[in-house]
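# Understanding the architecture of this molecule
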Amino acid sequence: MSGMGGSAGGGTTKWVASFTASPYLAASDAQPPSSLSGAVLRQVVRLSLGGSQLRFQFSNLSGNGNVVINSVHVALCKATPAVDSTIDTTTDKALSFSGMPNVTIEQGKEVWSDTVDFTAPPLANVTITMALGSVPQNLTAHAGSRTTSYVQAGSTDVSQASMTSAQGTDHWYFISGVDVMADASAVAAVAIGDSITDGRGSDTNHFNRWTDILSARLQADPTTKHVALVNQGIGGTNLAGSGTAAEARFARDVLGQSGVKYVIILDGVNDINGDASAQTLQGVYDKLIKQARDKGLLVYGGTITPFNGHSYYTVAHEQVRTTLNTYIRSGAFDGTIDFDKAISDGGNPPSIQAMFAEWSQKDGLHPGPAGYEAMGEAADLALFKK
């Protein structure tokens, strides 16, 4: 599809990423409650930038066979404060793929839908409902959805007002991106990282990761409301290495996103736990900074938050974290978001402030909702005016 198009006012428009979920192989603990073959699957995502024309990306990158989608509908979910399976049926629209209502996604491939006329305001919650044919054993998923998806076996009804009798599961499957057709001035910021970017410790169905908080701030400010923010965090992953490490997926997950201008890297704590050296991780930071700058992007470093009180903590690991944070603050990046300063208690050794560490599985590593709010408030919006 073309990246640019005309507009009624004679200017140009372009595709800009408004939602992303980095796709990877669903592990044993991220399997759906029942087979997705022959089922209806309803999933809710939150856009950052709004628009009146959208396109949706579906991924089978990890599949060991084809994914057959018989139909897909999209609609707004207006449930608040927590999203659920209900849709506003007056907004329900069918997607098409090369003019057809169905599509087969070959293993290892991704597809975009045709452009659909669909009005979504900024920060809209959009429900994507698929009637699936056959799916492979290996499912392409995003385990850390922090939102409930709904599986109705033996159904083809993609327009039902609610799916209260469906089985729920807190994972996303196949859906990996939503672009909006936006004004030529619009741009995207992509956040890449591990579970702290993916939002472990945030509230399910409330969209209160640090990226959600920052996205709302960007949309509330007239001078930054043209900036989308998309989340490419994956829990349990590394900065350095292959597979789902940021180093390996940077080209697809960051550089390959529509309209990207800014990059935020908050990554490395899992590498530190694996005894990676500060020198090794600095080398990967430098590599990603160069890749981003070679594409004309601005790249911002997020300081690594404290983990005293978690099994990751050792004196040696804390020293690597401190060394890396000194480097991140040194000017190596085009700017810094000091997440460490935002939620640290300043102790010796530092921990996450008690009020920012609270959630149902408080562990000393992952912030709770209040911590993510503080992290989302820590970014200077001037970074997104450059």
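First things first, this report covers the structure right here in the doc.

Calculation rules
Residue indices begin from 1 for each chain and proceed along its sequence in written order. Given that this is a predicted model, residues contribute local features only at a pLDDT of at least 70 and side-chain atom pairs are listed and counted only at 80 or more, while totals for whole chains, interfaces and linings are drawn from all residues. With hydrogens and water set aside, each side-chain value is computed from the structure's full complement of heavy atoms. Stacked, tilted and edge-to-face are the three classes assigned to paired rings of Phe, Tyr and Trp, where Trp is represented by its six-membered ring and a pair needs centres within 6.5 Å; plane angles under 30 degrees give stacked, over 60 edge-to-face, the rest tilted. Secondary structure elements follow DSSP: runs of H or I of four or more residues count as helices, runs of E of two or more count as strands, with numbering from the N terminus. Remark: exposure states derive from per-residue accessible area (1.4 Å probe, protein chains only) relative to the maximum for the residue type, with buried under 20%, exposed over 50%, and partly exposed in between. Strands were regarded as paired on the criterion that DSSP finds at least two bridges between them. Axis angles are defined between N-to-C directions and span 0 to 180 degrees, where every axis is a line fitted to C-alpha atoms and, for a helix, only to the segment in contact. Here, residues are in contact when the closest pair of their heavy atoms is within 4.5 Å. Geometric relationships in this document are graded by angle, where less than 35 degrees denotes roughly parallel, more than 145 denotes roughly antiparallel, 65 to 115 denotes roughly perpendicular, and other angles denote oblique. If you view the pair so one helix is near and one far, a crossing is left-handed when the near helix is turned anticlockwise from the far one by less than a right angle, and right-handed when it is turned clockwise.

### Thoughts on the packing of aromatic side chains
Note on aromatic pairs: each is described by the distance of the centres and the angle between the planes. Inspection of every chain in the model, using the stated rule, returns 11 aromatic pairs. Here the aromatic rings of Tyr-262 and Tyr-300 are separated by 6.1 Å at their centres, their planes lie at 20 degrees, and the arrangement is stacked. Of this pair, Tyr-262 sits in strand β19 (residues 260–266) while Tyr-300 sits in strand β20 (residues 298–302); the two residues are 38 residues apart in sequence, bridging distant segments of the chain. Looking at Tyr-262, the relative accessible area reads 1%, which means it is buried. Owing to a relative accessible area of 0%, Tyr-300 belongs among the buried residues under this scheme.

### Re the sheet that holds β19
Note: strands within a sheet are paired through backbone hydrogen bonds, in either parallel or antiparallel orientation. Strand order in the open sheet formed by five strands is β18-β17-β19-β20-β21, and the pairing between neighbours is parallel. Pairing within the sheet leaves two strands with one partner each, and these edge strands are β18 (227–233) and β21 (335–337). The average angle at which neighbouring strand axes cross in this sheet is 25 degrees, direction not considered. One ladder, built from three bridges, connects β20 with β21; its direction is parallel. Each residue of the ladder has a partner; that of Gly-302, found in β21, is Ile-337. Packing against the sheet, helix α2 (residues 210–220) makes contact with β17 (187–193), β18 and β19, and its axis sits at approximately 175 degrees to β18.

### Observations regarding the packing of helix α5 (residues 278–294) against helix α6 (residues 315–328)
It is at 10 Å that the axes of α5 and α6 come closest, and there the two elements cross at 30 degrees. As judged from the angle between their axes, α5 and α6 are roughly parallel. In this structure, the crossing between α5 and α6 has a hand that is right-handed. Contact residues: Ala-278, Leu-281, Gln-282, Tyr-285, Asp-286 and Ile-289 in α5; Val-320, Thr-323, Leu-324, Tyr-327 and Ile-328 in α6.

### Focus: the sheet that holds strand β3 (residues 24–25)
Reading across from one edge, β3-β12-β15 is the order of the three strands in this open sheet, with antiparallel pairing throughout. Two strands close off the open sheet at either side, each with one partner strand: β3 and β15 (172–173). Relative to β15, strand β12 (residues 140–142) is paired through two bridges, and the arrangement is antiparallel. In the sheet register, Ala-141 faces β15, and the bridge partner there is Tyr-173.

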